[in-house]
Amino acid sequence: MSKRKEQSHRVKVVLQRLREKMNRQMAGSLVACVHCGMCTDSCHYVLANPDDPTYAPAYKADKIRKLFKRHLDWTGRVFPWWVKAEGIYSDEDLEELKDTVFGKCTNCRRCSLNCPMGVDMATFNRMARGLLVSVGIMPEGVAVVSKDQWEIGNQMGVLKEDYLETLEWMSEELRDELGDPQFTIPVDRTDCEIVYAINPREVKYDPRTIADAAKIFYLTGENWTMPSDCWDMTNFGLFSGDDELGGAVARRLYEKVIELRGKKLVMSECGHGYRSTRCEAPNWAQFDVPFEMESSVITMLRYISEGRIRVDKTRNTEPVTFHDSCNNARSCGMFEEPRELLKLVVTDFREMYPNRAENFCCTGGGGAMSMSEYTPRRLKSARIKAEQLRATGAKIVATSCHNCVDGLTDLIRHYELDMEVTQLVNLVANAVIVEKKVAVPAAGPPKPAPLAGKTILVADDEPDQVAWLSTLFADHGAKVVEACDGDQALELARTHKPDLLTLDLAMPGKSAGEVFELIRREPQLADLKVCVISGRPELRKTIYDRSVKPPEGYLDKPVTEERVLRSVRKVLELAHDDGK
Amino acid sequence: MSDLLHFAEHRLQEMALAFMFLVYTVRIIWLLRFRAARERQAPTGAPDTSVSSAVLHSWANIAMPWAMESTRKKFFLYLQFVVFHLGVAAAIILSFIIPYGPGLLEHRWVVRLIQGITAAACVVGVMRLARRVANPHMRAISSPDDYFSLGLLVVWLFFAVLAAPNDTSREGPLLAFFLLTAFFLVYVPFSKISHYLYYPFTRYYLGKTLGHRGVYPVRRRPRAV
């Protein structure tokens, strides 16, 4: 007589939660698959790995389906082997499931739309992620980000003071640009028409998008505000499948808008944030949202069509294509608005094929950018997207999603495409016509170079990059020291005591992570500011997972002169604020 | 007509049908016992999208090969699907015509029509079976039930072709057809062949969800020719 297999504690919890989470829609999807294989070629993983059937959507779905059939569907209990119903018993089984649901699917929903039976594979793949997360089985990056969102309130662990400082910094930039010394980004104003919520990535890596949005609100004369806390409109619960996290995160934002008596919540360009906050989270949080919610794309389009801002499309003459974020398009129906907006602000718009609901994922969706263990798979599958991009002949790919920005930037670099990624807000802000106030320049001594008196250590193993950064900093008045590997960077930091270190993450010698931690732990260098400039986003964790103060700045390569200078100025201004 | 054939055409079919309906009733009750998720979000998408039109679109999806990339790109497979399911429908109709309306089969064209459709479906069934065996992706996702159901349908369609003339002087094909029909009626509720029962459910919920989110009916902009 065969001995009955024992289930591990985690497996028991997973199966219990499977019973609790199951609803009619998912049960229908789980019983209805006829294994016709029509979904197979709709998945970018399959197209990039044609010889590996384990990437087929139906195959991946069967990993979840077999559990459902074995444990919840009585036909599977009666004839398990006949219908491929299989139980799970050990934590290793759960790890194997993790590899499929996190590592082989971005939940892009393209297969769901190509299934003749209407099986919504993305929905139950997300559910399976949630089951695993509930017992602590998930990629490390997912755990880190989820923890930050639970504990700090945003998924990148941005502290309130850093957020407010960034808003102030952007206000300063705009005061110059708009010629209005009174300008400030409003925070916590009550009874506004619009409460504007953003993605923490904007604070950390791309503050210009905040400034661009603020500039547009200012020029329209909009009555708007940003919250001082609960400002994160992203929601890692969508990726982790954790409805509790998803509901809690969204509820914070909803309650903040109610507290501020805002009439409408406008969300910056973030596909998963928009989908979560606008569409899914009212269900996760069981919260009937009493105000309107809108993507900033729709807001900007309305401003232009109502004549509240004027734009000059000839300021954006490079050929531009548009990448539909899966969450915005396939899950929220936002197809035409971004295109209408682009056609108003660029001279050469080129459609990508396929597009709209049939577009391919950027390959960074579903939280893939935070799961560095799957990076090689992700980049291999990105070939499909790269071919799609290359065929447009565009120089710029615009998108309305921060995940897509990261995913596309990574694949553009990997496949050496001559393109850069931008968001619609950047293009609109560039095209918007600013009626500048005429200011009479006051006579006085010439302004000193902005980096005068500062010493900057540039650590990078690419000679071109070192030369470019060194010239840029020297041209702006800084004294520059150069290092080409980790050991040299550490040595020069000790010798020269620079104000700032720009640190590449992939260098020979001592790893960037080690160098960073040693600098942080060395009392004499404890005040040295660090700005990471890296083309390897998957290596972020080698810095951010260390139990030392995080770097003051972070930039993704490729990066423009303007962004480098802005970030460096910000980091050094922080030094000034600290009293140095 | 022998007693056995009469039994197979009437009493056996009635019992098998009753059994199928009983199991299906249990199955539908089982499915309905799962809670239906409540939708709290305000609708998104273009103003001309609505849940009702999306559900209709979703149900009609199978008759619109242009609506999905998968059916557009694999149009030959879609045609196979159409032929196969028409053949199955014809064979089911035949299983009712023979016992309850045999007069219809006195028209030669009716017999030829049914034979033509079921024969084509039988050939398609063989092709589908070959694809399932030969294609590594199909093999990887196939269960014993997938092979068995398809194989059995091929055999059943083959006997439908032979049974269509309703020639009681040669009872073999008729007997085989009705015994297989009865077997199917009992087996179907436990097999993938039940997908027609789930189709309205899955497509209703997908249509409802995606309609509320403005995704259905699917919008796309093909490359200009």
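Residues numbered from 1 in each chain as written. Chains lettered and ligands numbered in written order. Predicted model: local features only at pLDDT ≥ 70, side-chain atom pairs only at ≥ 80, totals over all residues. Heavy atoms only, no water.

Engineer: Would you mind going over the domain arrangement of chain A with me for this structure?
Structural biologist: Size of an interface: often given as the accessible area lost when the parts come together. All names here are of chain A. Partitioning chain A into domains gives domain 1 (9-138), domain 2 (140-437) and domain 3 (455-577). Opposite the 21 residues of domain 2 that make contact, domain 3 presents 20 residues. If you sort the residues of domain 2 by the area they bury against domain 3, Trp169, Tyr205 and Arg413 come out on top, with a joint share of 35%. Taken together, the links from domain 2 to domain 3 amount to one salt bridge. Where Glu173 meets Arg566, a salt bridge forms, and the shortest distance between an N and an O atom there is 3.6 Å. Our count for the contact surface shared by domain 2 and domain 3 stands at zero residue pairs in polar contact (both at pLDDT 80 or more). Counting residues per element, the ones that place at least two in the side of domain 2 that touches domain 3 are α9 (140-151), α10 (160-178), α11 (200-204) and α21 (402-414). Residue contributions to the side of domain 2 that touches domain 3 peak at six residues, all from α10. For the side of domain 2 that touches domain 3, the residue count by class is six nonpolar, four polar and eleven charged. (Domains from an automatic or database assignment. Contact = heavy atoms within 4.5 Å. Buried area = accessible area lost by both parts, 1.4 Å probe. Salt bridge = Lys/Arg side-chain N within 4 Å of Asp/Glu carboxyl O. Polar contact = N/O pair within 3.5 Å; in protein donor to acceptor, adjacent residues only side chain to side chain. Helix = DSSP H or I, 4+ residues; strand = E, 2+ residues; numbered from the N terminus. Nonpolar A, V, L, I, M, F, W, Y, C, P; charged D, E, K, R; others polar.)

Engineer: Can you help me understand the interface of chain A and chain B in this one?
Structural biologist: With 69 residues of chain A at the contact, the number on the chain B side is 64 residues. With both chains or domains summed, chain A and chain B bury close to 5,800 Å², and 58% of this area falls on carbon and sulfur atoms. Taken as a group, Arg24, Trp74 and Trp82 of chain A account for 14% of the area that chain A buries against chain B, more than any other trio of residues on that side. Remark: the boundary between chain A and chain B carries seven salt bridges. In this structure, Asp41 of chain A engages Lys74 of chain B in a salt bridge whose closest nitrogen and oxygen atoms are separated by 3.6 Å. Linking chain A with chain B are 34 residue pairs in polar contact (both at pLDDT 80 or more), by the criterion used here. If you list the elements that add at least two residues to the side of chain A that touches chain B, you get α1 (9-21), α2 (24-32), α4 (57-71), α5 (74-78), α7 (110-113) and α15 (271-284) of chain A. Here the side of chain A that touches chain B takes seven residues from α2 of chain A, the largest share from any one element. Split by residue class, the side of chain A that touches chain B holds 34 nonpolar, 17 polar and 18 charged.

Engineer: What is the right way to look at the pattern of salt bridges in this model?
Structural biologist: Residues and elements named next belong to chain A. Scanning the model with the defined rule gives 60 salt bridges over all chains in all. Residues Asp206 and Arg201 are paired through a salt bridge, measuring 3.8 Å at the closest nitrogen-oxygen approach. For Asp206, a relative accessible area of 12% translates into the label buried. For Arg201, a relative accessible area of 6% translates into the label buried. (Buried < 20%, exposed > 50% of the residue type's maximum accessible area, 1.4 Å probe, protein only.)

Engineer: What is the right way to read the sheet that holds strand β3 (residues 264-267) of chain A from this model?
Structural biologist: Pairing between the strands of a sheet comes from backbone hydrogen bonds, and it takes one of two forms, parallel or antiparallel. Residues and elements named next belong to chain A. Read across the open sheet, the four strands follow the order β2-β1-β3-β4; overall the sheet is parallel. Since the sheet does not close on itself, it has two edges, and those belong to β2 (224-225) and β4 (292-295), each with one partner. Note that strand β1 (residues 194-197) and β2 share two bridges and pair parallel. Following the sheet pairing, Ile194 is matched in β2 by Trp224. (Pairing = 2+ DSSP bridges.)

Engineer: Hey, could you run me through the nonpolar core in this one?
Structural biologist: Nonpolar side chains in soluble globular proteins generally cluster together in the buried interior. Residues Met22, Phe68, Phe102, Phe124 and Leu265 of chain A are the most contacted members of the largest nonpolar core, which totals 116 residues. Apart from residues no more than four positions distant in its own chain, Met22 of chain A is found in contact with Ala27, Leu30, Phe68, Leu72 and Met127 of chain A together with Phe34 and Arg35 of chain B. Counting residues in hydrophobic clusters, the runner-up holds 71 residues, among them Val158, Ile216, Ala483 and Ala493 of chain A. (Core = buried A, V, L, I, M, F, W, Y, C linked by side-chain atoms within 4.5 Å.)

Engineer: Just to check I follow, could you spell out the pairing of strand β12 (residues 529-534) of chain A for this structure?
Structural biologist: Successive residues of a regular strand alternate their side chains across the two faces of the sheet. Residue and element names in this part refer to chain A. Buried residues dominate β12, accounting for six of its six residues. Across the two faces of β12 the burial is the same, with Lys529, Cys531 and Ile533 and Val530, Val532 and Ser534 all buried. Across four bridges, the pairing between strand β11 (residues 500-503) and β12 is parallel. For Leu503, the partnering residue across the bridge sits in β12 and is Val532. Where the polypeptide runs from β11 across helix α25 (residues 512-521) and back to β12, its parallel neighbour, the crossover connection is right-handed. For β12 and strand β13 (residues 553-556), the ladder comprises four bridges, and the chain directions are parallel. Residue pairing in the sheet places Val532 in a bridge with Tyr554 of β13. (Right-handed = clockwise from strand over helix to strand, strands pointing away.)

Engineer: Just checking my understanding: could you explain the sheet that holds β13 of chain A for this structure?
Structural biologist: Residues and elements named next belong to chain A. Pairing is parallel in the open sheet, where five strands are placed in the order β10-β9-β11-β12-β13. Two strands in the sheet have a free side with no partner beyond their single neighbour: β10 (479-483) and β13. Shown here is a sheet whose adjacent strand axes are inclined to one another by a mean of 20°, direction ignored. Bridge analysis of strand β9 (residues 455-459) against β11 gives four bridges, and the strand direction is parallel. Bridging across to β11, Leu457 finds its partner in Leu501. Contacts from helix α23 (residues 463-475) reach β9, β10, β11 and β12 within the one sheet, and its direction differs from that of β10 by about 170°. (Axes fitted to C-alpha atoms, helices over the stretch in contact; angles between N-to-C directions.)

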